[in-house]
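Descriptive analysis of the structure
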Amino acid sequence: MLDPKLLRTQIEEVAKLLRKKGFELDIDAYNALEAARKEVQIKTEHLQNERNARSKAIGKAKASGEDIAPLMADVGRLGEELDQAKTALQEIQDKLDTFLLALPNLPDSSVPEGLSEDDNVVVRVWGEPTQFDYEPRDHVDVGQPLGLDFAMAAKLTGARFATLKGPLARMHRALIQFMLDTHTGEHGYSETYVPYMVNSDSLYGTGQLPKFAEDLFKLQGEQEYYLIPTAEVPLTNFARDEIINAAELPVRLTAHTPCFRSEAGAYGKDTRGMIRQHQFEKVEMVQMVEPGKSFEALEEMTGHAERILQLLGLPYRVIILCGGDMTFGSAKTYDLEVWLPGQQKYREISSCSNMTDFQARRMQARWRNPETGKPELLHTLNGSGLAVGRTLVAILENYQQNDGSVVIPEVLQPYMGGLKVLSI
């Protein structure tokens, strides 16, 4: 959520920044709501003061033996008017809150202009696209003889699911362990286990609700639970309604979880293979930091995701997203795109974002500034470290051999009991 003070004092500048994200701020609607709030708030405060004054007058009149009936009637009338004014004020405040919840985060000044992914800017490239002396196959053709099965998943559940068997399933698990070991051992994250279901407060806190309700899987039952779309949600909500001591910062958390997404609006996109699924695994990184250090932390976190790709020997590039391609809550985002020979293109495998104080304001996630002794909003960051299924896809395509086998990256071999090749 944006700082309401910004809208009250710099609404034209806010509107200009939001246009960079392709969002048109309805200034007139906001000004009308804010004017109504001020008017009713002034009325409420006036009624409160008047009722307090009459209540004091009752005490004095009673002490001097005067008839207090007229004063009591006035206090009763003022009380009714005050209750009505408070109700009206709350209704207007609810409308303002709904308005504010629909506003995206402001993009940082370093974010390039642009309306779509075509306007994203390549920051750096690591490695060369893998070359073959034959026509490389995509991960579906490589993986199916090795245990990748979409037909079985469709029988069990439906479209956009997959099953894995044998050494291929073990390599999927090996990737998770390798990623967690690297982030905890090299990058200073604390491994965390979290629920795979969360309540609506958690989703409001990180910005998935109310705007993206259709992208979520909501459970039926007495409790209003949702399957998590990413571990970012439970991990970031560790700080909800908390005040963290400065000595504990930065907080770095990582977790492996399944992720569940309805892929609303993705009809016809990536229908072949494992690129876009309703259920997939991810190792997530989350940081909570002092406000002045969040953009430095974003560079660091992006490097942590890159390290995984480098150790696996997978060619990739880093791009900075333009304003129009950024997510709702992000102030700045780097995407990592891995090279997929079967598609002859780079595809997203990680997204690392600085949310500044956008999520923290929703969650009231704060730290105690030792210079002032007062609680202040944290900055939160999140990033994929990495999407496990897409990493498996990248290995199948980049390490494939003409005979249908797949070489296991050296760094994964200890997790595979020394196995070096996946063979048909």
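All values derive from a computational prediction rather than experimental measurement.

**Comments concerning the overall build of the protein**
Scanning the protein from N- to C-terminus turns up 11 helices and 17 strands. C-alpha atoms of the protein, sized along the principal axes, occupy 105 × 45 × 45 Å. Here the protein holds 424 residues, and 49% of them are scored as buried. Intrachain contacts of the protein at a sequence separation of at least 6 include 73% that bridge at least 24 residues. Computing the positive centroid from 46 side-chain charges and the negative centroid from 61, the protein places the two 3 Å apart.

**Thoughts on unusual backbone geometry**
Note: most residues except glycine have negative phi, and most peptide bonds are trans. Going from Leu209 to Pro210, the amide bond is cis rather than trans, its omega being 5 degrees. With respect to the helices and strands, the residue Pro210 is situated in the loop between α7 (200-206) and β6 (225-227). For the bond from Leu249 to Pro250, the omega torsion is -5 degrees, close enough to zero to count as cis. Structurally, Pro250 can be placed in the loop between β7 (243-245) and β8 (251-260). Of note in this structure, Asp241 is not a glycine but carries a positive phi near 60 degrees. Note that Asp241 resides in the loop between α8 (232-236) and β7. We classify Asp241 as exposed; its relative accessible area is 55%. With a phi angle near 55 degrees, Gln364 is a residue other than glycine that sits in the positive phi range. You can see Gln364 is positioned in the loop between α10 (358-363) and β13 (366-368).

**Comments concerning the sheet that holds β13**
As summarised here, the arrangement of the 3 strands in space is β7-β13-β14, forming an open sheet in which the pairing is mixed. A single partner strand is all that each edge strand has here, and the edge strands are β7 and β14 (375-377). Neighbour-to-neighbour, the strand axes of the sheet open up by a mean angle of 40 degrees, direction not taken into account. Pairing of β13 with β14, which is carried by 3 bridges, proceeds in the antiparallel orientation. When the bridges of β14 are listed, Trp367 appears paired with Glu376.

**Thoughts on the packing of helix α6 (residues 166-185) against helix α9 (residues 294-312)**
Closest axis-to-axis distance for the α6/α9 pair is 11 Å, and the angle between their directions is 130 degrees. When the axes of α6 and α9 are compared, the pair comes out oblique. Every pair of crossing elements has a handedness; the one defined by α6 and α9 is right-handed. Contacts between α6 and α9 involve Leu175, Phe178, Met179, Thr182 and His183 from the former and His304, Arg307, Ile308, Leu311 and Leu312 from the latter.

**So, the UniProt feature "binding site: ATP" (unreviewed entry) in the protein**
UniProt's entry tags Arg261, Ser262, Glu263, Glu348, Ile349, Ser350 and Ser351 with the feature "binding site: ATP" (unreviewed entry), counted in the numbering of this structure. Among the secondary structure elements, Ile349 is positioned in strand β12 (residues 345-354). For Ile349, a relative accessible area of 2% gives the class buried. Once you skip the residues sitting within four places of it in the chain, Ile349 turns out to touch Leu309, Leu336, Glu337, Val338, Ser384, Leu386, Ala387, Arg390 and Thr391.

**Notes on the packing of aromatic side chains**
Aromatic ring pairs are described here by two measures, namely the spacing of the ring centres and the angle between the planes. Within this structure, the stated rule accounts for 8 aromatic pairs. Between Phe212 and Phe328, the aromatic rings sit 5.6 Å apart at their centres with planes inclined by 80 degrees, giving edge-to-face as the arrangement. Here Phe328 lies in the loop between β10 (316-320) and β11 (332-340) and Phe212 lies in the loop between α7 and β6, a separation of 116 residues in the sequence. We classify Phe212 as partly exposed; its relative accessible area is 28%.

**Quick word on the domain arrangement of the protein**
Here the protein is described as being made up of domain 1 (26-102) and domain 2 (117-422). Look at where the C-alpha atoms of domain 1 and domain 2 centre, and you get two points 50 Å apart.

**Describing the side chain of Ser202**
Tracing the chain through its elements places Ser202 in helix α7. Setting aside anything within four residues of it in sequence, one finds Ser202 in contact with Val233, Asn237 and Arg240.

**As for the packing of α6 against helix α11 (residues 388-398)**
At their nearest, the axes of α6 and α11 sit 10 Å apart, and the two run at 120 degrees to each other. Judged on the interaxial angle alone, α11 and α6 are oblique. Crossing handedness for the pair α6 and α11: right-handed. Mapping the contact onto sequence places Leu168, Met171, His172, Leu175, Ile176 and Met179 in α6 and Val388, Gly389, Thr391, Leu392, Ile395 and Leu396 in α11. Looking at the contact of α6 with α11, its residues break down into 9 nonpolar, 3 polar and no charged.

**Some remarks on the layout of surface pockets**
Space inside the second largest pocket adds up to approximately 270 Å³. For the second largest pocket, the lining is made up of 14 residues, of which Ala162, His172, Gln277, Gln279 and Glu281 are closest to its centre. Looking at the lining of the second largest pocket, the elements with two or more residues in it are α5 (150-156), β3 (163-164) and β9 (279-289). The dominant element in the lining of the second largest pocket, judged by the number of residues it contributes, is β9, at 3 residues.

**Description of the side chain of Arg361**
Checked against the element boundaries, Arg361 lands in helix α10. Residue classification places Arg361 among the buried residues on the basis of a relative accessible area of 15%. Within polar-contact distance, the side chain of Arg361 engages the backbone oxygen of Met1 at 3.0 Å. Once residues lying within four places of it in the same chain are set aside, the contact partners of Arg361 are Met1, Leu2, Asp3, Pro4 and Leu377.

What counts, and where the lines are drawn
Residues numbered from 1 in each chain as written. Predicted model: local features only at pLDDT ≥ 70, side-chain atom pairs only at ≥ 80, totals over all residues. Heavy atoms only, no water. Helix = DSSP H or I, 4+ residues; strand = E, 2+ residues; numbered from the N terminus. Buried < 20%, exposed > 50% of the residue type's maximum accessible area, 1.4 Å probe, protein only. Contact = heavy atoms within 4.5 Å. Lys, Arg positive; Asp, Glu negative; His and termini not counted. Charge placed at Lys NZ, Arg CZ, Asp CG, Glu CD. Pairing = 2+ DSSP bridges. Axes fitted to C-alpha atoms, helices over the stretch in contact; angles between N-to-C directions. Parallel < 35°, antiparallel > 145°, perpendicular 65-115°, else oblique. Left-handed = near helix turned anticlockwise from the far one by under 90°. UniProt positions renumbered as here; feature names shortened; annotations may be inferred. Phe/Tyr/Trp six-rings, centres within 6.5 Å; stacked < 30°, edge-to-face > 60°. Domains from an automatic or database assignment. Nonpolar A, V, L, I, M, F, W, Y, C, P; charged D, E, K, R; others polar. 1 Å grid on protein atoms, 1.4 Å probe; cavity = no way out; pocket = protein on both sides within 12 Å on 5 of 7 lines; lining within 4 Å. Points joined across faces, edges and corners; volume = space filled by probe spheres on them. Polar contact = N/O pair within 3.5 Å; in protein donor to acceptor, adjacent residues only side chain to side chain.

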